[in-house]
Amino acid sequence: MISVKKKSILGDLKESLIQKAFQTSGLLAILVLLGIFALLLYTSVPAFKEISLKEFLTSTRWDPTSPERPEYGLLSMLASTIMVTVGALLIAFPLGVAVAAYLSDVASPKVREIVKPVVELLAAIPSVVVGFIGLTLVSPLLAKIFKLSHGLTALNGSLMLAIMALPTIISISEDSLNAVPVSYVEASLALGANRWQTLVRVKIPAAISGIIASLMLGMGRAIGETMTVLMATGNARAFPHGLLQSVRTLTANIAIELGEVPYFTTHYYALFGIGLVLFLMTFAINLTADLILEKQKRKLK
Amino acid sequence: MRKKLSAGFKKLMAGMLTGTALLAACGLLFTATASAQRKMIQVKGSDTMVNLVQILAEEYMAKKPGAAIAVLGGGSGTGITAIINGTCDLANHSREWKTKELDLAFEKGVRPRIFAIAVDALSIIVNENNSVDSLTMAQVGSIFRGEIKNWKVVGGPDQKISLYGRQSNSGTYSFLQEHVLNNKNYSQDVKEMNGNAQIIEAVSQDLAGVGYVGVGYLYDEKGEIRRGIKVLQIKKDENSPAYSPLDKEAVYSAKYAISRPLYQSTSGKPSAAVADFIRFELSPEGQAIVEKEGFFKIGQELMDQNDKNLK
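Residues numbered from 1 in each chain as written. Chains lettered and ligands numbered in written order. Predicted model: local features only at pLDDT ≥ 70, side-chain atom pairs only at ≥ 80, totals over all residues.

Participant: Requested: an account of the overall build of chain B, with residues and values cited.
Facilitator: Within chain B, the secondary structure is distributed over 11 helices and 12 strands. Across the 311 residues of chain B, 42% fall into the buried class. Partitioning the intrachain contacts of chain B with sequence separation of at least 6 by distance along the chain shows that 72% fall at a separation of at least 24. (Helix = DSSP H or I, 4+ residues; strand = E, 2+ residues; numbered from the N terminus. Buried ≥ 20, exposed ≤ 12 C-beta atoms within 10 Å, placed from the backbone. Contact = placed C-beta atoms within 7 Å.)

Participant: I'd like a rundown of the packing of helix α2 (residues 47-63) of chain B against helix α10 (residues 284-292) of chain B, residues and numbers included.
Facilitator: Residues and elements named next belong to chain B. Interhelical geometry of α2 versus α10 gives an angle of 145 degrees and a closest axis separation of 10 Å. In the packing of α2 onto α10, the handedness of the crossing is right-handed. Counting all contacts with α2, which are made through L52, I55, L56 and E59, the residues of α10 involved are G286, I289 and V290. For the contact of α2 with α10, the residue count by class is 5 nonpolar, 1 polar and 1 charged. (Axes fitted to C-alpha atoms, helices over the stretch in contact; angles between N-to-C directions. Left-handed = near helix turned anticlockwise from the far one by under 90°. Nonpolar A, V, L, I, M, F, W, Y, C, P; charged D, E, K, R; others polar.)

Participant: Tell me about the interface of chain A and chain B, residues and numbers included.
Facilitator: Each partner contributes to the interface: chain A provides 23 residues, whereas chain B provides 22 residues. Among the residues forming the side of chain A that touches chain B, the class breakdown is 9 nonpolar, 8 polar and 6 charged.

Participant: Pulling in residues and values, what's your account of helix α3 (residues 75-106) of chain A?
Facilitator: Here α3 of chain A is 32 residues long and its end C-alpha atoms lie 45 Å apart, about the 46 Å a rise of 1.5 Å per residue gives. Of all the bends in α3 of chain A, the largest measures some 25 degrees and sits at A92 of chain A, one to four residues before the proline P94 of chain A. (Expected span 1.5 Å × (residues − 1). Bend = angle between axes of the 7 residues up to and from the residue.)

Participant: An account of the nonpolar core is requested, with residue identities and associated values reported.
Facilitator: If you look at the biggest cluster of nonpolar residues, it comprises 132 residues, and the most contacted ones within it are L161 and A165 of chain A together with V43, A118, V119, V203 and I234 of chain B. Ranked by residues supplied to this core, first place goes to helix α6 (residues 154-178) of chain A with 14 residues. Of all hydrophobic cores here, the second largest spans 14 residues; its members include F56, W62, A270 and L271 of chain A. (Core = buried A, V, L, I, M, F, W, Y, C linked by C-beta atoms within 7 Å.)

Participant: Run through the pairing of strand β1 (residues 41-45) of chain B, naming residues and quoting values.
Facilitator: Here is the key point about a regular strand: its side chains alternate between the two faces of the sheet. All names here are of chain B. Buried residues dominate β1, accounting for 5 of its 5 residues. Burial of β1 is two-sided: the residues I41, V43 and G45 facing one way and the residues Q42 and K44 facing the other way are all buried. Two elements, β1 and strand β2 (residues 69-74), share 5 bridges in a ladder whose sense is parallel. Across the sheet, residue G45 finds its bridge partner in β2, namely G74. Following the chain from β1 across α2 to the adjacent parallel β2, one finds a crossover that is right-handed. (Pairing = 2+ DSSP bridges. Right-handed = clockwise from strand over helix to strand, strands pointing away.)

Participant: A description of unusual backbone geometry should follow, citing residues and the corresponding values.
Facilitator: For residues that are not glycine, phi is negative in most cases, and the peptide bond is trans in most cases. Its identity is not glycine, yet K147 of chain A carries a phi of approximately 55 degrees, on the positive side. Although it is not a glycine, N183 of chain B sits at a positive phi angle of roughly 60 degrees. Mapping N183 of chain B onto the fold places it in the loop between α6 (171-179) and β7 (191-192).

Take a look at the structure:
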């Protein structure tokens, strides 16, 4: 009796300890996030002693080392980031969902067993290698196709980012298509729908939350990617007027300038200001994705 | 090669420099107690030159066991100020003295003596199929400021100019901005590449491309000019002859326009110890180190001036 009681006390203790440990690690994630936010805020605020917030957000000229007058406007780079990301998703999302549908509904198990690991292997290519391919292989090709003198353009960056976002979009979309209960498909087929109708009207709507999640994760990857766009897009600071122009994204700008910026200067603080803007952007994207998913889940119930 | 230094290596170098400075400080203390005669030579100034002079100093100290030299960066202005205030023995500067600085020096009774120890040069490259062979300094400036937008204006094909350059914090970027763009802003359309090699790669593929790279990067490992690019000849102005940076003599004698001598200055006649170090830098052995570090050696004209200043 006594020993059993002892054991249960020990068990309780163990359980509460484990619970505490998990709780702490959960809290730690929040703490790290808050810490990063606080650090970015703390390091970027001094920049606004010399830069007006209006200039920072609405001026299109960024030239902190100008001998004439330092300028700190990030609108051009913000527009470039959005342009390259949207371009990448326009390419990668339809393609990715199509491949996912093929893998889950059309491909024979044998083909699926080969294609799926290959797609996932695509994610393992280092971004610097993708960038190098963009720089040396794809950009001359684009130049030829569009009769440009060079191919280091936003389109080149979008294509490269699309390659990097594809594995995420394909594997998450495919997983969520596979997760649709077989009963849905059977019911649809039993009602006389063909396989196409079943896919488009039953499976995809049922899996839409996962598909949207894949889009958001792909977007997060595209916005945050640095090395690839740094190598592929030419990094000109001018405001982008089209996909066939050289652009500089926010991430590329930080990578270019943070390495050799004199510490604790306005320029240094302004680069952290850009980091803060990027952080807020991805935060907003993730929040929207969560809200969409939540809505979708409630609807399905 | 100086321009290839990664940030990490620079940090390492900075650390080594601090280490050297600390060691030097200890050494100074030690020698001060041991014998008051031995004196540390303090060198300060240009960041472009700090690695070069550090290596020169190490080689020199290896040869002369009694010598002690501490090299610090901080920028050309810092070095010149230190000479004016008498807080260093030798200043490194990659630009000439400004009139204001000279006035201040003379006010304080300092008569600087200036020595050119190396030459730094930049080349302007275009695609090999571009018909343009030479440009004036003013034209290069206008092109990179974005004022000249078409090759037609400078006698080339009717094609929009496509600009390539380095990142805003590289020394090469500011060298061109100071020296050729007359301290005006670069065009916002310059595509900023991740290093000299990428500029060469891009220009070799871009019929309308133009870029600037350190002269050392023009050659491949066999010592031949890289394929696909053409190195432009540069004229100081409309009426002067054009020189190519591949013409070594032209660079040595500073006739090639986009080059700058790298200087050292002393306050008045250099002391025997400092003069000996400068002589080592200018010796064939010192100049070989200069070339190995990616700079050019000094031509005869500048060397003659150096000799005069040493006496």
